[in-house]
Amino acid sequence: MNRTARQRREHGTTLVLTVITITLLTLVAAFTLRRVAPRFRMAHQTAAWQEARLAAEAGVDAAMGDLLRNTTGPVPGAWKGWKQDQGGGLIGPVLSTTLETVKSILSLLLGGGGSGGTVTVSEPIFLDNLKVSAGGAIPTEVDVQLWALGITGNPRTRWFRIRSMATCALPAPGYPAPDRLDGPLRRFSLREVRPQLRKDDVGAPMSIRPPSASRTIEVLVEPILAFELAILTDRSLSLGTTGRWAVDSYDSRDPLKSNPDGTYPGQSSPKVQENGHIASNGGRPADSLYGPLISANGARVRGTVATNGGDDPETATHENVAGALALDPARVRDDFYREMKPLARPSTENARPKPLLGGPFSAGSESSPSRYLITGQLGAFSVEGPGVVIIMVDGDLDVGNGGITIPPDVTAYLYVRGNIDFHGNAINTGVGSSHRPGQLQIFGEESGLQLRTLRAYGNAAVCAAFYGPTYEVRLEDNVDWCGAIGARSFEMSGGGTGGFHYDEALATAGPPISFRIARYIEDVRQ
Amino acid sequence: MTQTPAARAFTLAETVIAMASSVLIIGALLLGTMGLQKSLHASEAFASSQSDQRRLIDYLARDLRRCIGIGVTTGVSGAFTRLAAETVIIEDRTALVLTLPGYYKSDTPSKAEFDEALPAVKTDKGIGYGSGSGPAPGVSVTFRKVFLPEQGGYCFVREEAGTEQAIVRGAKDLQLQVGIATDGKTCAVEVWFRSAFGNLRPVISTHDQIMLRNLRID
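Residues numbered from 1 in each chain as written. Chains lettered and ligands numbered in written order. Predicted model: local features only at pLDDT ≥ 70, side-chain atom pairs only at ≥ 80, totals over all residues.

Of regular secondary structure, chain B possesses 1 helix and 13 strands. Along the chain direction, N to C, the helices and strands of chain B fall in the order α-β-β-β-β-β-β-β-β-β-β-β-β-β. The C-alpha atoms of chain B give a radius of gyration of 29 Å, which is well past the 17 Å a tight globule of 218 residues would have. Based on the C-alpha atoms only, the size of chain B along its principal axes is roughly 115 × 40 × 30 Å. Burial status across chain B gives 25% buried among its 218 residues. (Helix = DSSP H or I, 4+ residues; strand = E, 2+ residues; numbered from the N terminus. Rg over C-alpha atoms; globule rule 2.2 N^0.38 Å. Buried ≥ 20, exposed ≤ 12 C-beta atoms within 10 Å, placed from the backbone.)

Have a look at this one:
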């Protein structure tokens, strides 16, 4: 009995000691956790804040991709997945005319003028609650709004404004960061969403509730037009090998930079300009990063020569251009790349067939150009104006012994699926021609995986702008070309008395082939 | 059977052993707790310094990403120099000056238009933000390390449109270096401090590479 009672007392003492020890350890652990937990929360909050910017930029990228899909080429796209307010609180799919229509009469009236002049603004279209996070990642949603901005009446020069707001979830409940200096920078929505943020929450409300981190990126996007450079290639670029062959520029709109009739003033004229820029997208193999991507062959280029890499930054010489003796080293670069997307032809609905007996094509008005569909081959031709004509050729364009005559009051757009051969003829440079490359714009269409060629030789004199990313351009002998070329490759064999003369008026004349961000803003006061 | 007094109490040996054990256990607990506290304090100080590093880089990155001009002011006169492909340490009288594109209707925090964006207007190069009088001028933002008595020591401050804001407190040992790449398209920011702990007091460095999204016009 007595032994048992003493044992009970000893067990009780042990229990008390154990409880005290456990309590002490628990207190220490709780204190440690209390001190450490805010730091973990802060790390999570900072990660979500960074994630929100990446998501907002992903929203801009999504909009840029849809811009490219829907606004390059002559046919407006369907803007799949995008929505707009159709009035009366009704949200629906994008109407084909939305971005074409100016939002307010006022902006139209105020439009025009120089710097500071008002631009026309369309109604916005938007992507609603775009989910940009993978499963298991921080839940993130983006709302993207897009407006079309007009500087001139020309839809080809239309800019766009993209505003993308991304919201990332934070772990609940929401606690402010342990360091108060973080607050003004990260501006978390801990308990409720700020009214300024709600303005950008278009369409259905976001499914991510506070606590959350939101960031807004806004960009102004300008179009990249097809003829901004004298020569642009996706692969090889080889310049003239003999004679006085050179690349230079003039401006057919300015009598101080061209002849009084807007033609090229001649290589030795002081009116000749230095904006004959050439560039190639072609890259070097992975095992040989530095080496030539453009063969200048001793030809002079009065403009910038740009490649996609190839120049060793450790050396003073420009390895990216071969035969660069006549080039200005200060105008050789290696940081160029520009996506070249083939353009699609306009609708062939109500298109007329080829004129009978080789007669001239008739131009229509600018708002309603006449359209022709040539199901076979097209030879030499002329157009009677005034106005605009669109000629779509399913087969080859081979002028044979003739030429192409585009009068001064006509602009012709040619869409060709086959090969193009100018032989040694006058293309828009003969009697009665405009001599303006912007008035003969030729687009080489994509034909499956087949490569096409554009060829001219002898004493061919061409005044035209050509864009065909699947076309290999081969010029020989004394070919003289006024205008611009965008092609898969360019090769000038010989040169002689010829040359390549970029008309600076083309910089704003071509259709958009891509877009670039002209201004990047983060709206930090929202 | 009656109990003897000896059976009711601990023997001397038991008491001595129990006391010695208790002292050992409590001492170990005390030392452990003190060590834990010291370690926790060191970790907190380290985390706080890293949080300062991160905040300084994030402030800079946010502004560098959208800036249209980068320069430094040095010396007593505060002469401005455009920052080309070079590296500078922001301390003493050297301040980093970024030019942000004009975007807001007002830079006065108390005004209602403080958070309102300007409309898009025509510019010489296409479209930008501005008003009828022309494109909005750039806004200068300055980052510098200064001694602020009211904050109790050295701080990194960010000044925009005359409003100065401390973004890092206790920055005496925090160093900031900004470098522009040779191609002018990226900017490297490095922030480091010397750890207060450990025999070697290692340098803890954090850096970021930021793409300059806008073309510089300075």
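Text resumes after the structure shown.
Here we take up the overall build of chain A. Along its length, chain A carries 4 helices and 31 strands. For chain A, whose C-alpha radius of gyration is 32 Å, the value lies well above the compact-globule estimate of 24 Å for 526 residues. With the principal axes as the frame, chain A shows a C-alpha extent of 130 × 65 × 45 Å. When each of the 526 residues of chain A is scored for burial, the buried share is 46%. Taking all contacts inside chain A whose residues are at least 6 apart in sequence as the whole, residues at least 24 apart take part in 61%. (Contact = placed C-beta atoms within 7 Å.)

Right, let's get into the interface of chain B and chain A. At the junction of the two partners, chain B supplies 44 residues and chain A supplies 38 residues. Those elements that place two or more of their residues in the side of chain B that touches chain A are helix 1 (12-66), strand 5 (120-123), strand 6 (126-131), strand 7 (134-135) and strand 10 (163-168) of chain B. No other element matches helix 1 of chain B, which puts 14 residues into the side of chain B that touches chain A. Tallied by class, residues from the side of chain B that touches chain A come to 17 nonpolar, 14 polar and 13 charged. (Nonpolar A, V, L, I, M, F, W, Y, C, P; charged D, E, K, R; others polar.)

By definition, the strands of a sheet pair up through backbone hydrogen bonds, in either a parallel or an antiparallel sense. Residue and element names in this part refer to chain B. Strand order in the open sheet formed by 3 strands is 5-6-7, with antiparallel pairing between adjacent strands. Strand pairing shows two members of the sheet lacking a second neighbour, strand 5 and strand 7, which therefore form its edges. Examined bridge by bridge, strand 5 and strand 6 share 4 bridges and lie antiparallel to one another. Residue pairing across strands places Val121 opposite Gly128, the latter belonging to strand 6. (Pairing = 2+ DSSP bridges.)

What follows concerns the nonpolar core. Grouped together as the largest cluster of nonpolar side chains are 89 residues, with contacts concentrated most on Ile231, Ile391, Leu414 and Val462 of chain A. Discounting chain neighbours no more than four positions away, the residues touching Ile391 of chain A are Phe361, Tyr372, Ile374, Ala412 and Leu414 of chain A. (Core = buried A, V, L, I, M, F, W, Y, C linked by C-beta atoms within 7 Å.)

With that settled, the discussion passes to unusual backbone geometry. All names here are of chain A. For the peptide bond that leads from Pro210 to Pro211, omega is 5 degrees, which places it in the cis range. Mapped onto the elements, Pro211 comes out in the loop between helix 4 (195-198) and strand 7 (212-225). Of the consecutive residues Gly385 and Pro386, the connecting peptide bond is found in the cis state with omega at 5 degrees. Residue placement: Pro386 occurs in the loop between strand 19 (381-384) and strand 20 (387-393). The backbone of Asn350 sits at a positive phi, close to 60 degrees, despite the residue not being glycine. Take Asn350: it is sitting in the loop between strand 16 (332-333) and strand 17 (361-362).

Any segment with low pLDDT has predicted coordinates that should not be analysed in fine detail. Within chain A, residue pLDDT values average 89, and 93% of them lie at 70 or more. Segment residues 104-113 of chain A: pLDDT under 50, and 12 contacts once partners within four positions in sequence are set aside and those in other chains are kept. (pLDDT = per-residue confidence, 0-100.)

With that settled, the discussion passes to the sheet that holds strand 8 (residues 139-148) of chain B. All names here are of chain B. One open sheet accounts for 6 strands, arranged 2-1-4-8-9-10; its pairing is antiparallel. Each end of this open sheet is capped by a strand with a single partner; those strands are strand 2 (79-82) and strand 10. Across this sheet, the average inter-strand angle for adjacent strands is 30 degrees, counted without regard to direction. Pairing analysis gives 4 bridges linking strand 1 (residues 69-74) to strand 2, with the strands arranged antiparallel. By the bridge assignment, Val72 is partnered in strand 2 with Thr81. (Axes fitted to C-alpha atoms, helices over the stretch in contact; angles between N-to-C directions.)

Moving on: helix 1 of chain B. For helix 1 of chain B, spanning 55 residues, the distance from its first C-alpha to its last is 80 Å, which sits close to the expected 81 Å at 1.5 Å a residue. Along helix 1 of chain B, the positions that sit buried rather than exposed are Ser49, Ser51, Asp52, Gln53, Arg55, Leu56, Asp58, Tyr59, Leu60, Asp63, Leu64 and Arg66 of chain B. (Expected span 1.5 Å × (residues − 1).)

Here chain B averages 89 in pLDDT, while 96% of its residues score no lower than 70. Complex prediction metrics read pTM 0.84 and ipTM 0.87.

The next thing to look at is the environment of Gly359 of chain A. Mapping Gly359 of chain A onto the fold places it in the loop between strand 16 and strand 17. Spatially, the C-alpha atom of Gly359 of chain A lies 22 Å from that of Glu349 of chain A, the residues being 10 residues apart in sequence.

Attention now moves to the environment of Ala112 of chain B. For Ala112 of chain B, the position within the fold is in the loop between strand 4 (95-100) and strand 5. Each C-alpha atom of the pair Ala112 of chain B and Ser21 of chain B lies 71 Å from the other, and the pair is 91 residues apart in sequence.

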